[in-house]
Amino acid sequence: DLTAATFDSPANFTCSPVQVTNFENATLPYSVLGSVWDNMNLTNATVVNLPGNLTQLSAVNSILVGQNFAKLTLKNAHFMNAILTGVNFSGAQLQWAVFTAANLANANLAGANLAFASLSKATLTEASFSGATMDSTDFTQTELTGTILDHTDLTTSSFTLPPHFSRDPARL
């Protein structure tokens, strides 16, 4: 529990994608992290006093397994090369968010607004986008095996031709 620890606000953590700052299972206040979470392992970490508006959050090369961003505003957030397996983004505002090469396997994005978001080269295996808003969403070179896209309108979204949809009848 780091809620009583004293750090610069926000603290200056590593800039190296090779050596991430590890806060796995830690409890720490948002004021310590600020809006730059690059190169951090926040697996199952508890971020206290997380604001509802995280517009322009940067979590590049980070591990955020177990995080809950449900119904938060994350417009223009950057999650490039992030590991987001099982993360809850349900109902989140993710317009213009960048998930390039991120791993969103088993993530919950049901009801999220992903208008103009980039999911290029992302892994979306068994992720749920049920009822999500997908205006001009970029899915180029994206792995979509078992991805749930029920009740979404993908007519303005872009895909690699042919898309990387599942060919396995058990994962349709």
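Not measured: the values here are computed from a predicted model. (Residues numbered from 1 in each chain as written. Predicted model: local features only at pLDDT ≥ 70, side-chain atom pairs only at ≥ 80, totals over all residues. Heavy atoms only, no water.)

1. Here we look at the overall build of the protein
Threshold: Only DSSP runs of H or I covering at least 4 residues are called helices, and only runs of E covering at least 2 are called strands; the numbering of each starts at the N terminus. The cut-offs for exposure are 20% and 50% of the maximum accessible area for each residue type, with area from a 1.4 Å probe on protein chains only; residues under the lower value are buried, those over the upper are exposed, and the others partly exposed. Contacts: residue pairs with any heavy atoms within 4.5 Å of one another. We get accessible surface area from the Shrake-Rupley algorithm with a probe of 1.4 Å; when it comes to residues, only the shown protein chains can shield them.
What the protein contains, in helices and strands, is 1 helix and 8 strands. Its helices and strands in sequence order give the protein the pattern β-β-α-β-β-β-β-β-β, from N to C terminus. Looking at the protein as a whole, 45% of its 172 residues qualify as buried. Put simply, of all contacts in the protein between residues at least 6 apart along the chain, 7% involve residues at least 24 apart. In the structure as shown, the protein presents an accessible area of about 8100 Å², 50% of it carried by carbon and sulfur atoms.

2. A few points about the confidence of the model for the protein
This is how the line gets drawn: In predicted models, pLDDT denotes the confidence assigned by the predictor to each residue on a 0 to 100 scale.
Across the protein, the average pLDDT comes to 89, with 83% of residues at or above 70. Mean pLDDT per element in the protein: strand β8 (residues 164–165) is the minimum at 64, and strand β5 (residues 138–139) is the maximum at 96.

3. Topic: the side chain of Thr-152
Using the following cut-off: A 3.5 Å cut-off defines polar contacts: any pair of N or O atoms within that distance qualifies, except that in protein one atom must be a possible hydrogen donor and the other a possible acceptor, and neighbouring residues in sequence count only when both atoms are side-chain atoms.
Within the element layout of this structure, Thr-152 appears in the loop between β6 (143–144) and β7 (158–159). By relative accessible area, Thr-152 is classed as buried at 18%. In this structure the side chain of Thr-152 is engaged in a polar contact, spanning 2.6 Å, whose partner is the backbone oxygen of Leu-149.

4. Brief notes about the packing of aromatic side chains
Aromatic ring pairs are described here by two measures, namely the spacing of the ring centres and the angle between the planes. As a reminder of what qualifies: When the centres of two rings from Phe, Tyr and Trp lie within 6.5 Å, Trp using its six-membered ring, the rings pair. Their planes under 30 degrees apart give stacked, over 60 give edge-to-face, and anything left gives tilted.
Applying the stated criterion across every chain, the model contains 9 aromatic pairs. Taking the centre distance of 4.5 Å and the plane angle of 10° together, the rings of Trp-96 and Phe-116 count as stacked. Linking Trp-96 in the loop between β4 (46–48) and β5 with Phe-116 in the loop between β4 and β5, this pair joins segments that are 20 residues apart in sequence. By relative accessible area, which is 51% here, Trp-96 ends up exposed. Ring plane angle 80° and centroid distance 6.3 Å describe the contact between Phe-129 and Phe-139, whose orientation is recorded as edge-to-face. Of this pair, Phe-129 sits in the loop between β4 and β5 while Phe-139 sits in strand β5, and the two are 10 residues apart along the sequence. Pair check on accessibility: Phe-129 and Phe-139 agree, each one buried.

5. A few points about the nonpolar core
The condition is simple: Within this scheme, the nonpolar core is defined by two criteria: the residues are buried Ala, Val, Leu, Ile, Met, Phe, Trp, Tyr or Cys, and they are joined through side-chain atoms within 4.5 Å.
Counting 46 residues, the largest nonpolar core has Trp-37, Leu-74, Phe-79, Phe-89 and Phe-99 as its most contacted members. With 3 residues, the single largest contributor to this core is helix α1 (residues 30–33). For Phe-99, the contacting residues outside a window of four places in its chain are Phe-79, Leu-84, Phe-89, Leu-94, Leu-104, Leu-114, Ser-118, Leu-119, Ser-120 and Ala-122.

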